[in-house]
Amino acid sequence: MEKTLPKKHFSQWLKSLTSRRVYVPRKDEDGRWNYAEADGGEAALEVLQTTLPPKKILFPQREVFLEFTQSREGQQETLELKDVLPEVRPTVIVGVRPCEARAAWLLDEVFSGEFKDVYYWKRRDETALVGLACTTPPSEHCFCTSVEGSPHSVEGLDLLLTDLGDRYYVQVLTPKGEKLVAAAKTLFEEPKPEVVKQAKAVQADSNKKIKRQLKDARPIAEKLKGMFDSTLWDEESMSCLRCGICTYLCPSCHCFDINDEVESPAPLRGQRVRTWDTCQFPDFTMHSSGHNPRPDKASRLRQRLLHKFQYFVQVYDRFMCVGCGRCIALCPVGIDIIKVLDKVKENGA
Amino acid sequence: MAKIEDLKEEAKKLLREGKVKYIIGYGAGTNGWPAAPLFVKTPEEVDRLVWDPTCVHNLVRFLVDEKRRKSRQKQPDKRPVGIVVKGCDSRAVVVLLQEKFIDRGDVFILGVSCEKAGVVDDSKLARKLGGKKAKKVAVNAENRFVVTTEDGEVEASAEELLAERCLECKANFPVVYDLLSGAKTKRPLDKPFGSLDKMEALSSEERWAFWKAQLDKCIRCYACRSACPMCYCDECVVDSINLAVTADTTADEKAQRIRWVQRSTESSENMVYHLVRAMHLAGRCIDCGECERVCPLDIPLRFLNKKLEKEAKELFGYEAGFDADLPALVSCFRDEDPQDFIR
């Protein structure tokens, strides 16, 4: 289904969604873009890339799994365990970039299968993603078109808006998306054929505006299979600081750690908590014996690339990279995943 | 500013004669910032070296990696590592020498003087260029910055673009070096702690509100810790696993390890992490500003370090990183120290 939404009706439409929790990209006090609750305020969708992707809403950095409480009555000691599931209100994230929605589409795979992650799905099921096609690339390091995405891809999205100047061209992609339109049906219009044509032209044009390219990405998976012991990883990781920026700010990285956080030791009281973790930290693979199978920066950089471009491709037949370019733009020492993968392709050639 | 030609010539000689294992310097970046760390192993690669006001990184941090790497090798190459250091970075070398983390023979120091310039601040540069990207930044004869972008050149005064720390710099040329490029020009410094004025004028309630809001943004990527040349501990109090665990560590010992800081990004935990980090730099921080520069969420960490630097100066007349023969501030007591409880 296709619609158009005149821009003058946009904020009214957002207001019609207020029974839901509405997130939009907003500028914080430091002038940074960030997905934050709309507060009924005006939302501007012409934004640069947010530092943190919307992953933090679907997969928060801290999540409580259960609470434990010890109590004693006379000689009787009991330990009470209480399951904690997130209390989620219907949520809509407006202004999501197509690459960020593609990342959610990847996380959907990871958190389903044999073990369905109830915490993730509790949020995901209640969340609708309203995308904004990137008629202008939000970052100079965007390379979505190289990893099977595009500035107007629809995977993971419920609605996709394309800016046509005075109106948005709206692609309604799922029943969830239909509900969002139905919330204020009268604001939307049926698109005239020439508007659809214009929208398609704008979308096609947006592909050409993506400046950076990783050519021929599919064969990389095969190439990487023979490069586990390559010295390339040593060379490319020399300047790595072993911080977590590239993975924590990646929309598709999803590794986590689970800890019991004790608030009081006697009587015992605390929570079991899931937090983000990253393969870039030395303790990520630390065994309890003291042995660390990934003891150096080289093996950790290799892991990040192999997970995204080999292992994930083997298991899910998709790249685990959506080409948003955050890891490139935000790396404090300029490690550039496109350059490293270019070297992978040249290796031994 | 030091001359890149001087550097290249010396670097080639050092590598050709095998006097250094490799050289840690600056090369061209590809991620939108003109300079990035570069590791040069052969004389042929030397021409890739650059030196300009975007060489912000403190490369001394890579000496920590080198030491770790060496400790893992059975027969390590004992030759020194060549390293390009600015004035501020050289003070970090001094602290590492003072703390006996490295020996003087471990490094061959290629000192570069910033003279009357310094390095540019990324957010100031971004504001000045209004969305355009700098391809090259140079300093002209009048000590003004000349920024080359896609659409031509933009000129700016030093004050407009210099990093805040450069405006309060106490060492615009290296204090320790084997070779020096550029002149030993002192820059007059009227207010060495001027950046603290605004923070010190706030009430404690206002400061609390400021820091709570700032530290709540922290995602604990630990880039501030990772970029710091002084954060060289093998085991850090905030890591969830004791990295010093060995095959001989008993299960009891592992179980009893105290968790001082939880992984959760809660206000309390973030606060503890940042205070621990700052306090461990008391009398050690040399104000290279890397912690603040690398923070993806722009937490103004330099305030914390600068305040401690000021306390060290006012209470003990101590400035870190100028004399490798002095004992470190927190490991010595002198008769003139203000705390007499220790006598």
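Residues numbered from 1 in each chain as written. Chains lettered and ligands numbered in written order. Predicted model: local features only at pLDDT ≥ 70, side-chain atom pairs only at ≥ 80, totals over all residues.

Quick word on the overall build of chain B
Our working rule: Secondary structure elements are defined from DSSP: runs of H or I of at least 4 residues count as helices, runs of E of at least 2 residues count as strands, and each element is numbered from the N terminus. Only C-alpha atoms enter the radius of gyration; for comparison, a globular chain is expected to reach 2.2 Å times N to the power 0.38, where N is the number of residues. Buried residues are those with 20 or more other C-beta atoms within 10 Å of their own C-beta, exposed residues have 12 or fewer, and partly exposed residues lie in between; C-beta atoms are placed from the backbone.
The helix and strand inventory of chain B stands at 13 helices and 8 strands. In summary, chain B has a C-alpha radius of gyration of 21 Å against a globular reference of 20 Å for 343 residues, a match within 12%. Expressed along its principal axes, the backbone C-alpha trace of chain B runs to roughly 60 × 55 × 45 Å. Burial analysis of chain B (343 residues in total) assigns 41% to the buried set.

Brief notes about the interface of chain A and chain B
Often the size quoted for an interface is simply the accessible area lost on bringing the parts together. Put simply, the test is: Here, residue contact means that the backbone-derived C-beta atoms of the two residues sit within 7 Å. Charged residues are taken to be Asp, Glu, Lys and Arg, nonpolar residues to be Ala, Val, Leu, Ile, Met, Phe, Trp, Tyr, Cys and Pro, and polar residues to be all remaining types, Gly included.
Listed by partner, the interface residues are 36 residues for chain A and 34 residues for chain B. If you list the elements that add at least two residues to the side of chain A that touches chain B, you get helix H9 (245-248), strand E10 (256-265), strand E11 (268-276) and helix H11 (326-330) of chain A. By residue class, the composition of the side of chain A that touches chain B is 15 nonpolar, 11 polar and 10 charged.

Some remarks on the nonpolar core
General note: in soluble globular proteins, nonpolar side chains tend to be found buried as a group. Stated precisely, the cut-off is as follows: The term nonpolar core refers to a set of buried Ala, Val, Leu, Ile, Met, Phe, Trp, Tyr and Cys residues connected through C-beta atoms within 7 Å. Domain start and end points were adopted from an automatic or database domain assignment.
The biggest cluster of nonpolar side chains holds 158 residues, and the ones touching the most others in it are Val130 of chain A together with Ile83 and Ala223 of chain B. Structurally, this core is a two-domain feature, drawing no fewer than three residues from each of domain 1 (1-188) and domain 2 (191-343) of chain B.

Concerning the domain arrangement of chain B
Residue and element names in this part refer to chain B. Along its sequence, chain B is carved into domain 1 (1-188) and domain 2 (191-343). Here domain 1 and domain 2 have C-alpha centroids that lie 25 Å from each other. Domain 1 puts 24 residues into the contact, and the matching count from domain 2 is 24 residues. Of all the secondary-structure elements, those providing two or more residues to the side of domain 1 that touches domain 2 are helix H2 (61-72), helix H3 (87-98) and helix H6 (164-167). For the side of domain 1 that touches domain 2, the element with the most residues is H3, which contributes 9 residues. Each residue belonging to the side of domain 1 that touches domain 2 can be placed in one class, and the counts come to 13 nonpolar, 2 polar and 9 charged.

Section: the environment of Glu290 of chain B
Residues and elements named next belong to chain B. Locating Glu290 in the fold gives a position in helix H12 (residues 290-294). Judged by C-beta crowding, with 27 C-beta atoms within 10 Å, Glu290 ranks as buried. In the structure, Glu290 is positioned 64 residues away from Ser226 in sequence and 9.5 Å away in space, judged by C-alpha atoms. Not counting residues within four places of it along the chain, the set of residues in contact with Glu290 comprises Asn58, Ala227 and Cys228.

With respect to the sheet that holds strand E6 (residues 91-96) of chain A
Residues and elements named next belong to chain A. Quick reminder of the rule: Strands were regarded as paired on the criterion that DSSP finds at least two bridges between them. Interaxial angles span 0 to 180 degrees and are taken between N-to-C directions of axes, which are lines fitted to C-alpha atoms, for helices over the stretch in contact.
Ordered in space as E1-E9-E8-E7-E6-E2-E3, the 7 strands form an open sheet in which the pairing is mixed. Edge positions in the open sheet fall to strand E1 (2-6) and strand E3 (33-37), since each of these has one partner strand only. For this sheet the average axis-to-axis angle between neighbouring strands, irrespective of direction, equals 25°. Alignment of strand E8 (residues 159-163) against strand E9 (residues 167-172), held across 5 bridges, turns out to be antiparallel. Bridge pairing in E9 places Leu161 opposite Val170. Contacting E6 and strand E7 (127-132), helix H3 (residues 98-110) runs over the sheet at an angle of about 150° to E7.

Some words on helix H11 (residues 267-279) of chain B
Note: α-helices contain 3.6 residues per turn, so residues at a spacing of three or four share the same orientation. Residues and elements named next belong to chain B. How we decide: Given a helix with a known number of residues, its expected span is that number minus one, times 1.5 Å. In this context, the arc is that of the directions from the helix axis out to the C-beta atoms.
Over its 13 residues, H11 extends 18 Å from the first C-alpha to the last, a length consistent with the 18 Å expected when each residue adds 1.5 Å. Regarding H11, the residues found buried are Glu269, Asn270, Tyr273, His274 and Arg277. Looking straight down H11, one finds its buried side chains confined to an arc of 125°; they lie on one side. In H11, the exposed residues that point more than 90 degrees away from the buried face are Ser268 and Met279. In this fold, the buried residues of H11 make contact with helix H8 (204-216) and helix H9 (223-227).

Quick notes on the sheet that holds strand E7 (residues 152-156) of chain B
Residue and element names in this part refer to chain B. One open sheet holds the 3 strands; their spatial order is E5-E6-E7, and the pairing between them is antiparallel. Whereas interior strands pair on both sides, the edge strands pair on one side only; in this sheet they are strand E5 (134-139) and E7. Along the sheet, successive strands turn relative to each other by an average axial angle of 25°, direction set aside. In the sheet, strand E6 (residues 145-149) pairs with E7 via 5 bridges, with the strands oriented antiparallel. Within the sheet, the bridge partner assigned to Thr149 lies in E7 and is Gly152. The sheet strands contacting helix H4 (residues 122-129) are E5, E6 and E7, and the helix crosses E7 at an angle near 120°.

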